[in-house]
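# Remarks on the overall topology
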Amino acid sequence: MTGSAPSGPGPPDDAPRILVAEDEPLAAMAIEDLLAGAGYAVLLAADGQEALEIAARGARFDLLLTDLRMPRLAGRELIRRLRAARPDLPVVVMTGYAPPDGAASLLRDAGGTGPLLLFTKPIEPEQLLDAVGRLAGWSRR
Amino acid sequence: MSASAFPVDSVPALPHGSDPFRHGDPLWLPAGAEAAAAAASLVILAALVSFFLRRREPGFPILAALLSLFLLSDATAHLARLWMLWRPDHGATGPVATGLAAVIGLASAVLLRPVLAKTLARPSPADLAREIEVRRAAEARARESEARLASLFEHMADAVFVVGQRPDGRFAYESVNPAFERLFGVGRDRLLGQGPRAFLDDEAVVALIERRYAEALAGHAPVAYEACGFTRAGYRHWHTVLAPIRDPEGQVVRLLGSVRDVTETRRLQADLQEAARLATVGSMCAGVAHEMSQPVNVIALWAGNARAALAAGRAEPERLARAFEVVLDQSRRIGALLERMRELTREEPAGPGARPAAPPRGEGGARPGAPAAEAEPGGPFDAAEAVAAVAAVASRQYAIEGTVELTLDRPPGTIPVQGRRAKLEQALLQLIANAHDAVLERRSREPGAPARIVVALRADHAGGVVAIAVRDTGGGVPEAVRGRIFDPFFTTKEPGRGTGLGLAIVQGVARSMGGRLETWNEAAGTAEAGAVFCLTLPLAAAAPVRPGPVRVGTAAA
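Along each chain, numbering runs from 1 in the same order as the chain's sequence is written. Going through the entries in the order they are written, you letter the chains from A and number the ligands from 1. Whole-chain, interface and lining totals are the exception, using all residues; otherwise, since this is a predicted model, local features are given only for residues with pLDDT of at least 70 and side-chain atom pairs are given and counted only at 80 or more. As a rule here, side-chain values come from all non-hydrogen atoms in the structure, and water together with hydrogens is ignored.

Labelled according to an unreviewed UniProt entry, chain B appears under the name histidine kinase, originating from Caldovatus aquaticus. UniProt positions are given in the numbering used here, feature names are shortened, and annotations may be inferred rather than shown by experiment. UniProt lists a comment for chain B under the heading Catalytic activity (unreviewed entry), and it reads "ATP + protein L-histidine = ADP + protein N-phospho-L-histidine."

Identification of chain A as Response regulator from Caldovatus aquaticus is taken from an unreviewed UniProt entry.

Pasting the structure below:
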């Protein structure tokens, strides 16, 4: 299994693009499969720092899907920095250990105006796809 | 009596040489003088006697007797002369009396000197008065100090009591201070003459206290104890020190006790322990949640994807096989984590026989369902060989990776310890892996930092211990986390890299072998800065595993 789409031709150029920051390679691969299978284009980053670098290179993406605990740059700080440049960026958070107050402190730290959803691992693929589907078009409206 | 009756030379012995007839002086003049002198002596004698009778000072009676004797003899002489004035013809009576008086007077004068010296040697009334003054001042001071002591006793914050043992063996309080009354909620009137039952209902606590009293009386030494229970003033926890009081014969028949109320302190300590326990449980749950969520998440995602592919009819056999592989791998990862958790809950004591039968357990825990090895206490084995084997494996591995240089510093010969060799190797591997991680972590921040690990083995055969130290150049353990690094599920590593169980397990191994795990930093602030994790284990008594080379003196640390 590689970083490309599982089978057939790649997603169309106008497909919504998802930036995925996840330090667990097996989880990242599965999420990439899941999203690509649903017709999204996926940008994979092994941690927050890499995600920030992808964004800095000017890559276009419509939604950030990120873990919280990651080496080098944690999810919370990644969201804050991306939102500083793009306040309406939609964000979906996946974490193994949710903050005690749920998404409230995340929303506060993130800043910006875009929607933010919190998922606790293990992730239910259908719920994740549903959330991504609802938020991916947000910044295009 | 007529003037012619006096012969001219009949009184040759007359001391004063006055001859009334020869000079024709009237007779009444010498007679009056003699009578007056005799009367004066007698009056002085009477005054002296009356004085000495009233002031019976020591030494004075002899002096008074001598002076009285002298005055008496003087008066006698005068009276004798008076007699002779009127009866000059009376023969020897007058002169004999006079002579006798003179002899007595002389004798008393001679005796007076030593008696006077002796009397003078005694303290004078002035001396006595001074001494009395000094004694009065001392008494006043003593009274003052006694009053101060009494006031101290009354106002001391600590409860103080004196308890004695009756001939029938019962204990009875002889005095208690107000702090004692307040602490136990009983007045002095109901305590004095009574034992601990006066303020305690719980017979077990009373028995404990009386045992301590008896111990202090019998042992003739201070005894300290803590007790708690419901008193007349409510629940109390108190700390008592008993000191034996000796009577002049050296017998201990009563005790001085001081009691400190530690109710609040103990309550706070209990609260603190409970809070620490809850915090540990909390951090354990957080750690478990985080560690478990990663593999469970991967399983859920891969299984979900595989199911979706099957449902869509685009399932490829290799992709399905890969998905199953991932699911199985992640299950093993969870299994290993569970095994390490189980390991934590088993801290078997050292030595054969001391441990109750343990259920079978996995060895190493890498594979779920692997054959379980019996958790036997193990026999003696050579720690030096085990350490050398582990160091060799790790050293080879790191040399291939080109990450860290690992060296072993060990004395020649065997070092027998008691326990299970596999456990010690596992513990040592964990310490080396931690050191390796610390070195790499530091080098990611300071690429030029030294990358060395030294495994040092030192045996103190006289002290009966062996120390196995792993020293790294990873910068050392930060002060802020030092107190927590042995806590289960505490980790400083990146997410997914540490379970937080490693050091807790190493500590468990150390304890199971009757040893301990300690850590400290070395060379802080220099390039060589790093941590030392030191396992100290007791040596097995004699009977080494196998004959080794003859030991040389360099072995002792």
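More follows now that the structure is in view.
Turning to the nonpolar core, a few remarks are in order. Residues and elements named next belong to chain B. We call a set of buried residues a nonpolar core when its members are Ala, Val, Leu, Ile, Met, Phe, Trp, Tyr or Cys and they connect through side-chain atoms within 4.5 Å of each other. In this scheme, a residue with accessible area under 20% of its type's maximum is buried, one over 50% is exposed, and one in between is partly exposed, where area comes from a 1.4 Å probe on protein chains only. Leu424, Ile432, Ile453, Val466, Ile468 and Phe533 are the most contacted members of the largest nonpolar core, which totals 51 residues. Only DSSP runs of H or I reaching four residues or more are called helices, and only runs of E reaching two or more are called strands; each is numbered from the N terminus. Contributing elements (two or more residues each) for this core: helix H8 (263-311), helix H9 (317-344), helix H10 (383-401), helix H11 (421-445), strand E11 (452-460), strand E12 (465-472), helix H13 (502-512) and strand E14 (530-538). Here this core takes eight residues from H10, the largest share from any one element. Each domain's limits were defined by an automated method or a database of domain assignments. There are two domains that each give this core at least three residues, and those are domain 3 (270-344) and domain 4 (378-555). Residue contacts are defined here by distance: any two heavy atoms, one from each residue, within 4.5 Å place the two residues in contact. Filtering out sequence-adjacent residues up to four positions away, Val466 remains in contact with Ile415, Val417, Leu457, Arg458, Ala459, Leu535, Thr536, Leu537 and Leu539. If you look at the next biggest cluster of nonpolar residues, it comprises 29 residues, including Ala198, Tyr213, Val223 and Val252.

Here Lys121 of chain A and Pro122 of chain A are connected by a cis peptide whose omega angle stands at 0°. As for its placement among the helices and strands, Pro122 of chain A is situated in the loop between strand E5 (116-120) and helix H5 (125-136).

This part covers the side chain of Asn297 of chain B. The topology assignment puts Asn297 of chain B in helix H8. Pairs of N or O atoms are called polar contacts if they sit within 3.5 Å, as long as, within protein, a hydrogen donor faces a hydrogen acceptor (for residues adjacent in sequence, only side-chain-to-side-chain pairs). One polar contact links the side chain of Asn297 of chain B to the main-chain amide nitrogen of Ile123 of chain A, over a distance of 2.8 Å. Discounting chain neighbours no more than four positions away, the residues touching Asn297 of chain B are Ala27, Lys121, Pro122 and Ile123 of chain A.

Our focus in this paragraph is the interface of chain A and chain B. Facing 24 residues of chain A, the contacting portion of chain B comprises 21 residues. With both chains or domains summed, chain A and chain B bury close to 2100 Å², and 59% of this area falls on carbon and sulfur atoms. Definition used for salt bridges: Asp or Glu carboxyl oxygen within 4 Å of a side-chain nitrogen of Lys or Arg. Summed over the shared surface of chain A and chain B, the number is three salt bridges. Linking Glu24 of chain A and Arg333 of chain B is a salt bridge whose minimum nitrogen-to-oxygen distance equals 3.2 Å. The interface formed by chain A and chain B holds six residue pairs in polar contact (both at pLDDT 80 or more) in total. Where the side of chain A that touches chain B is concerned, the elements lending two or more residues are helix H1 (25-37) and H5 of chain A. Note: buried area is the sum, over both parts, of the accessible area (probe 1.4 Å) each one loses when the two are combined.

The subject of this paragraph is the UniProt feature "modified residue: 4-aspartylphosphate" (unreviewed entry) in chain A. Residues and elements named next belong to chain A. In this numbering, the UniProt entry assigns the feature "modified residue: 4-aspartylphosphate" (unreviewed entry) to Asp67. Mapped onto the elements, Asp67 comes out in strand E3 (residues 63-67). With a relative accessible area of 2%, Asp67 lands in the buried category.

Evaluation of the coordinates by the stated rule reveals 36 salt bridges over all chains. For the salt bridge of Asp201 of chain B with Arg232 of chain B, the shortest nitrogen-to-oxygen distance reads 3.2 Å. In this pair, Asp201 of chain B is assigned in the loop between helix H6 (188-191) and helix H7 (203-219) and Arg232 of chain B in the loop between strand E3 (223-231) and strand E4 (234-246), connecting sequence segments 31 residues apart. Across the salt bridge formed by Glu446 of chain B and Arg442 of chain B, the nearest N and O atoms sit 3.4 Å from each other. Since its relative accessible area comes to 34%, Glu446 of chain B is described here as partly exposed. Taken together, the salt bridges that share partners define one network made up of Glu22, Asp67 and Lys121 of chain A.

A few words on a nonpolar patch on the surface. Where nonpolar side chains cluster on the molecular surface, the patch consists of Leu42, Leu72 and Leu79 of chain B and spans about 240 Å² of accessible area. Among the secondary structure elements, Leu79 of chain B is positioned in helix H2 (residues 60-86). Patch building starts from residues that exceed 30% relative accessible area and form no salt bridge, then joins like charges within 9 Å and nonpolar side chains (Val, Leu, Ile, Met, Phe, Trp, Tyr) within 5 Å. The Shrake-Rupley method, run with a 1.4 Å probe, gives the accessible areas here. Residue values count only the displayed protein chains as cover.

The next thing to look at is the packing of aromatic side chains. Residue and element names in this part refer to chain B. Stacked, tilted and edge-to-face are the three classes assigned to paired rings of Phe, Tyr and Trp, where Trp is represented by its six-membered ring and a pair needs centres within 6.5 Å; plane angles under 30 degrees give stacked, over 60 edge-to-face, the rest tilted. Under the definition given, this model contains 13 aromatic pairs over all chains. The interplanar angle of 80° and the centroid separation of 5.4 Å between the aromatic rings of Phe51 and Phe52 together place this pair among those described as edge-to-face. For the pair Phe230 and Tyr235, a centre-to-centre distance of 5.4 Å together with 65° between the ring planes defines the contact as edge-to-face. Accessibility expressed as a relative area gives 59% for Phe230, which makes it exposed. Taken together, the ring pairs connect Phe161, Phe171, Tyr173, Phe180, Phe184, Phe199, Tyr213 and Trp238 into an aromatic cluster.

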